[in-house]
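Structural overview for review
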Amino acid sequence: MASTSSNEEISHDFPPFFKVYKDGRVERYAGLDGIVKPIATGLDPITKVQSKDVVVSSETGVKARIFVPEIHSPDQKLPLLVHYHGGGFCIGSPFDTITHGFLTFLVTQANIMAISIDYRLAPEHPLPIAYDDSWAGLQWIASHSNRLGLEPWINQYVDFGRVYLTGESAGANLAHYVAVQAGAAGGLDGFKIVGVLIVHPFFVGQEPDKMIKYLYPTSSAGDDDPKLNPGVDPNLKDMGCDRVLVCVAEKDGLKNRGVAYYETLGKGEWGGKVEFDETLGEDHCFHLFNSNSEKAVTLMKKMVDFIKQED
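First things first, this report covers the structure right here in the doc. Not measured: the values here are computed from a predicted model.

**Thoughts on the nonpolar core**
- Judged by nonpolar contacts, the single largest core of 70 residues is most densely connected at Phe89, Met113, Leu138, Leu165, Val196, Met239 and Val244.
- Looking at this core element by element, the count peaks at 9 residues for helix H4 (residues 170-184).
- The next biggest cluster of nonpolar side chains, apart from the first, holds 27 residues, and it includes Val49, Phe67, Leu81 and Tyr164.

**Re helix H8 (residues 294-308)**
- Its 15 residues give H8 an end-to-end C-alpha distance of 21 Å, which sits within 8% of 21 Å, the value for a rise of 1.5 Å per residue.
- Residues of H8 that are buried: Ala296, Leu299, Met300, Met303, Val304, Phe306 and Ile307. Burial along H8 is one-sided: seen end-on, the buried residues are contained in an arc of 160 degrees. Exposed and oriented more than 90 degrees from the buried face of H8 are Glu294, Thr298 and Asp305.

**Let's talk about the pairing of strand S6 (residues 63-68)**
- Taking burial as the measure, the 6 residues of S6 include 5 buried ones, the bulk of the element.
- Two strands pair when backbone bridges link them, and strand S5 (residues 50-55) and S6 are joined in this way by 6 bridges, in the antiparallel orientation. Counterpart to Lys52 in the pairing with S6 is Ile66.
- Looking at chain direction, S6 and strand S8 (residues 113-118) are connected through 5 bridges and run antiparallel. Opposite Phe67, over in S8, you have Ala114 as the bridge partner.

Criteria and cut-off values
- Residues numbered from 1 in each chain as written.
- Predicted model: local features only at pLDDT ≥ 70, side-chain atom pairs only at ≥ 80, totals over all residues.
- Heavy atoms only, no water.
- Core = buried A, V, L, I, M, F, W, Y, C linked by side-chain atoms within 4.5 Å.
- Buried < 20%, exposed > 50% of the residue type's maximum accessible area, 1.4 Å probe, protein only.
- Helix = DSSP H or I, 4+ residues; strand = E, 2+ residues; numbered from the N terminus.
- Expected span 1.5 Å × (residues − 1).
- Arc of directions from axis to C-beta.
- Pairing = 2+ DSSP bridges.

Fair warning: the whole summary comes from geometry, so function is off the table for now.
Following this line, the structure appears as structure tokens:
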């Protein structure tokens, strides 16, 4: 019987995300091949949304993808949606068909500009690097509020008094984190976060999460970590926005954590308004993988309405 080569032996296995070989190689599972593919930037001939990629930090290599709707006046100023993708902190991208389709819909329906931040992925870049990149990305965008930043589309088209944050799953965790950071820092000059859309959020439960422990070796990966459980974050009261929409799905294994997050915001010292929406009969992030379904369109229109809502 042939023996298994030592460099093919697996030391850690976390399906459907990734496995790690004993020689340190990381291999991501290919279960989403054929569904999630890279997509180029440019002009969408149907929606007229334009997109392009920009460098956020030359030091870290972090990039972002910008989406702009059809512009009818050079003086037009648009609300901005800052997006953080999901994927367990270890997969996902702003540059794939899933994110592209989702943000193109929101940009078109809400008449906004969107920027999706491409934070570095674990385990190659262990947590909390994704948190640091996400916060740095928001600070980079805010650095344009004097209209003198490096990216002309941001300088020209963004209404810095109407900024929204969003993310799904792990990205919802990151969106929450940067909103708290912004508030705890006393705000960002010339930059106002009006609302945050928390969609099917990933937060930890009572038992430590084994994959998160591997991705985040300096954390307990349990509910005593404020990045993973907002309920124990002393800065939660300072969350830097006026409104939050929490969306959950009935069949999602993470649903109860999203409900707990909603309840924590509602009964805590944070003084903003929190709204709740549950999609019955659906699972985690269903709207990204079946975006044309009636329930997906309903959920995404709920997000659009939240963005268009007057304060």
